[in-house]
Amino acid sequence: MGPSGLIYALLLAACCCCRRAAGVPGEAEPPEPELVEAEVGGTALLKCGPSHSPGNFSQVDWFSVHKEKPTLIFRVRKGQGQSEPGEYQQRLSLQDRGTTLVLSHITPHDERIFLCQAKRPQSHEHRIQLRVYKAPEEPTIQVNALGISVSSKEPEEVATCVGRNGYPVPQVIWYKNGHSLKEEKNRVHIQSSQIVESSGLYTLESVLKAQLVKEDKDARFYCELNYRLPSGNHMKESREVNVQVFYPAEKVWLEVEPMGALKEGDRVEIRCLADGNPPPHFTISKQNLGTKEMEEMTPEDNGALVLESAQKEHSGLYQCQGLDLETMASLLSDPQELLVNYVSAVRVSPAAPESPEGGSLTLTCEAESNQAVEFQWLREKTGQVLEKGSVLQFHNLKREAGGGYRCMASVPSVPGLNRTQLVHVAVLGSPWMTSRERKMWVRENEVLNLSCEASGHPRPSISWSVAGTAQEQDQDPQGVLSVLNVLVTPELLRTGAECVASNSLGRNTTTIFLELASSRSTGLGTSTASPSVRANGTSTEKKLPEPESKGVAIVAVTVCVLVLAVLGASLYFFYKKGKLPCGRSGKQEITLPPSRKSEFVVEVKSDKLPEEMGLLQGSSGDQRAPGDQVGGSSCGQRLTQLQGSRAAGADGSRVPEH
């Protein structure tokens, strides 16, 4: 500010003071300043006069009034502005032909009165009150982590609310369960304070103190900040918090988990509970059935007694006792009965049932329970329900009936409560084997395992006709499997191996024939494996897979056709020569030399009618005499001691007759 401006400001201030001191009559008090609102960081428009009055001032001076001390901050001369050195030098500019001063980057320190003095064309003075606002940050709330006891005689700190960086200081309101709290002597006290930051903004801290009761254990507390902006009134709320309230217990009770019907084997938890915080120290007692007195048990730290696998002995009356360590008051719960439902071990009689094949047998099942019991019988290997009831009867026992049977005793009113007992029925008989014989394809000089399985009661033992290392394995109480480790030798190929199963009631055998695998593809001379012959009609033997060869089948069919053709030609030849007495009253015999007496006798019979015997009637189809015909019966054609293919030699000579 220049010397002339400084002198002018001092004279103006002195004149104002003299007027106020002298109380010059007829002069009114200065009007209220015009109110202009702006937010921190924003821009304020300062007009030199009311907004509706025209302004065309060629000389204007702007002053900042702080603590009633005006300071020149800006000059306007003929529409041109110039800032005075100081805090506003870089933030002021002109607008609207010099009648409006623009203040930018507003801070809380700018909240003051700005004075405008115009000299030309006429003297004029106008004051502006600038109000600055800043919304606080979201309020934070911190609850008392130590908790509050209802026995406290004075209000205790519940929570602290903090609102940062607002301007001016916001107003705080506390709420409990949605209802605002007000100061109440010896009940509610709200203590607030604020801190001025270097930026001029305020940080508000408010502490709520209250005397709480037991019902406040679930109360929700929060704070609300109310503040103003140029746009109007606003508010922000904190999150809700709950403070821990300590109060003595008034009641103790007992709970059992799981709820509902219990059964043996369940995991049962007997828990003591109380309506105090913190909970009292608990002890659990169980009534002695003999003395009828309650005997103390040792619960876990949380006041629970855990039965990992409940038994019927755990049934009885239980009671909880709670001891408040602060008041030393003791509380007892009402006695509660614990019932563990059970089913005793299942007993089957006879314990080792046996009967000869074709006989009868009766099995009886028994079990005890504190509830109604139902019985049923199941076949062990299939799970099939055979009978509902405690008795299972067998009539005309067969070997297949031997094996395991399970009796199940269950309690329908308690789901999952059941016990079972397995019993094996033995059918007396000689050993029973899968097959009488079977064939195996092997390679010479290889080591292989021969297996043989047998069952029976008494349990059979197995022996082998060849030397080797044998191992036996129990298949079930009546069955045994023997595995023989042998070396394939020419002798073993020739004789095979015989497995013999025997017990006190008899014996049975299975013969295993061995053939070289190389002979399976040597042509017509190969012998294929015949189906296994069953040793017992109720068992089946798996057939060994045979190689299939279309070429071998075609050759076999061709050979069969040729053999039939030769046989037919021979029969026709003998028939034409009269050596075949078909349909004649007598029989003729073809005599062979003594050396051929051991040849096979071939007898050909046919059930065909005479008109179907075209092959034996010749190619011309002429009819023979009635005495030479079969006459509606079969033609019994006998060739006694027929020589075969060499009977009609290469020279076509006939065999002499007798």
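Residues numbered from 1 in each chain as written. Predicted model: local features only at pLDDT ≥ 70, side-chain atom pairs only at ≥ 80, totals over all residues. Heavy atoms only, no water.

Within an unreviewed UniProt entry, the label attached to the protein reads Cell surface glycoprotein MUC18, and the organism entered is Zalophus californianus. As recorded by UniProt, the Subcellular location (unreviewed entry) comment attached to the protein reads in full: "Membrane". (UniProt positions renumbered as here; feature names shortened; annotations may be inferred.)

A. Broad picture of the overall build of the protein. Of regular secondary structure, the protein possesses 4 helices and 46 strands. Within the protein, the proportion of its 658 residues that are buried is 38%. Contacts in the protein between residues far apart in sequence, at least 24 positions, make up 63% of those at least 6 positions apart. For the protein, the computed accessible surface area is about 38800 Å², with 52% contributed by carbon and sulfur atoms. (Helix = DSSP H or I, 4+ residues; strand = E, 2+ residues; numbered from the N terminus. Buried < 20%, exposed > 50% of the residue type's maximum accessible area, 1.4 Å probe, protein only. Contact = heavy atoms within 4.5 Å. Areas by Shrake-Rupley, 256 points an atom, 1.4 Å probe, with all protein chains shown as cover.)

B. Summary view of the nonpolar core. In this structure, Trp-62 and Leu-130 are the most contacted members of the largest nonpolar core, which totals 23 residues. Counting only elements with at least two residues in this core, the list comes to strand E1 (34-39), strand E2 (44-47), strand E3 (59-66), strand E4 (69-77), strand E7 (100-103), strand E8 (113-120) and strand E9 (124-133). (Core = buried A, V, L, I, M, F, W, Y, C linked by side-chain atoms within 4.5 Å.)

C. Representation of the packing of aromatic side chains in the model. By the definition in use, this model includes 4 aromatic pairs. On the numbers, 5.8 Å between centres and 80 degrees between planes, the contact of Tyr-88 with Phe-114 is edge-to-face. Of the two residues, Tyr-88 sits in the loop between strand E5 (80-83) and strand E6 (92-95) while Phe-114 sits in strand E8, which places them 26 residues apart along the sequence. Phe-114 carries the same exposure label as Tyr-88, and that label is buried. Ring geometry for Tyr-167 versus Tyr-202: centroids 5.6 Å apart, planes at 20 degrees, classification stacked. Of this pair, Tyr-167 sits in the loop between strand E12 (156-166) and strand E13 (171-176) while Tyr-202 sits in strand E16 (residues 202-210), and the two are 35 residues apart along the sequence. A relative accessible area of 22% places Tyr-202 in the partly exposed class. Positioned above the aromatic ring of Tyr-342 is the side chain of Lys-312, whose terminal nitrogen or guanidinium carbon lies 4.5 Å from the ring centre. (Phe/Tyr/Trp six-rings, centres within 6.5 Å; stacked < 30°, edge-to-face > 60°. Lys NZ or Arg CZ within 6 Å of the ring centre and 35° of its normal.)

D. Focus on the sheet that holds strand E10 (residues 140-143). The 4 strands are arranged E10-E12-E16-E15 in an open sheet whose pairing can be described as antiparallel. What marks the edges here is a single partner per strand, and that holds for E10 and strand E15 (188-196). Across the sheet, the axes of successive neighbouring strands diverge by a mean angle of 15 degrees, strand direction being ignored. (Pairing = 2+ DSSP bridges. Axes fitted to C-alpha atoms, helices over the stretch in contact; angles between N-to-C directions.)

E. Region of the structure containing the pattern of salt bridges. Within this structure, the stated rule accounts for 23 salt bridges. Of the charged contacts in the structure, one is a salt bridge between Arg-112 and Glu-87, with a shortest N-O distance of 3.5 Å. Residue Arg-112 is located in the loop between E7 and E8, and its partner Glu-87 is located in the loop between E5 and E6; the two are separated by 25 residues in the primary sequence. Overall, the relative accessible area of 11% leaves Arg-112 in the buried class. (Salt bridge = Lys/Arg side-chain N within 4 Å of Asp/Glu carboxyl O.)

F. Quick look at the pairing of strand E24 (residues 294-297). For strand E23 (residues 281-287) and E24, the ladder comprises 4 bridges, and the chain directions are antiparallel. Its bridge partner lying in E24, Gln-287 is registered against Met-294. Hairpin connection, E23 to E24: the antiparallel pair is bridged by 6 residues, and Lys-292 has positive phi, about 65 degrees.

G. Region of the structure containing the side chain of Gln-129. Note on placement: Gln-129 falls in strand E9. Note on Gln-129: relative accessible area 14%, which makes it buried. Within polar-contact distance, the side chain of Gln-129 engages the backbone oxygen of Arg-112 at 3.4 Å. (Polar contact = N/O pair within 3.5 Å; in protein donor to acceptor, adjacent residues only side chain to side chain.)

H. Here's a closer look at the state of the cysteines. Applying the stated criterion across every chain, the model contains 5 disulfides. Disulfide pairing is shown between Cys-272 and Cys-320; the S-S distance is 1.8 Å. For the disulfide bridge between Cys-272 and Cys-320, the dihedral angle about the S-S bond is near -85 degrees, and by the sign convention the bridge is left-handed. With Cys-272 in strand E22 (residues 268-274) and Cys-320 in strand E26 (residues 316-323), the pair connects residues that are 48 residues apart, well separated along the chain. Judged by relative accessible area, which is 0%, Cys-320 ranks as buried. A disulfide bridge connects Cys-365 with Cys-407, and the sulfur atoms are separated by 1.9 Å. Residues Cys-365 and Cys-407 share a disulfide whose torsion about the S-S bond is about -95 degrees; that sign makes it left-handed. (Disulfide = S-S within 2.5 Å.)

I. Up close: a negative patch on the surface. A cluster of acidic side chains, namely Glu-154, Glu-156, Glu-157 and Glu-205, defines a negative patch on the protein surface. With respect to the helices and strands, Glu-205 occurs in strand E16. (Patch = residues over 30% accessible without salt bridge, like charges linked within 9 Å, V, L, I, M, F, W, Y side chains within 5 Å. Lys, Arg positive; Asp, Glu negative; His and termini not counted. Charge placed at Lys NZ, Arg CZ, Asp CG, Glu CD.)

J. Just the pairing of E6, in detail. Pairing of E6 with E7 involves 4 bridges; the strand directions are antiparallel. Within the sheet, the bridge partner assigned to Gln-95 lies in E7 and is Thr-100. Here E6 hands over to E7 after 4 residues, with Asp-96 in that stretch at a positive phi of 60 degrees.

K. Molecular detail of the sheet that holds strand E14 (residues 179-180). The sheet built from 4 strands is open, its strands ordered E14-E13-E17-E18 with antiparallel pairing. This sheet does not close on itself; its edge strands, each paired only once, are E14 and strand E18 (232-237). Relative to E18, strand E17 (residues 221-229) runs antiparallel, the two being bridged by 6 bridges. Bridging across to E18, Asn-226 finds its partner in Met-235.

L. Focus on the environment of Ser-355. Looking at the element boundaries, Ser-355 is found in strand E31 (residues 354-356). A relative accessible area of 4% places Ser-355 in the buried class. Taking the C-alpha atoms as reference, Ser-355 lies 9.5 Å from His-457; in sequence the two are 102 residues apart. Those residues within four positions of Ser-355 in sequence are excluded, and the remaining contacts are Ser-360, Leu-361, Leu-397, Ala-426, Val-427 and Leu-428. There is a polar contact of 3.4 Å between the side chain of Ser-355 and the backbone oxygen of Ser-360.

M. Expanded view of the confidence of the model for the protein. The share of residues in the protein with pLDDT of 70 or more is 76%, and the mean pLDDT across the chain is 79. Per-element averaging of pLDDT across the protein places helix H4 (residues 614-617) at the bottom with 32 and E10 at the top with 97. Note that pLDDT drops below 50 for residues 1-27; the model gives that stretch 17 contacts with residues more than four away or on any other chain. Segment residues 522-550: pLDDT under 50, and 54 contacts once partners within four positions in sequence are set aside and those in other chains are kept. (pLDDT = per-residue confidence, 0-100.)

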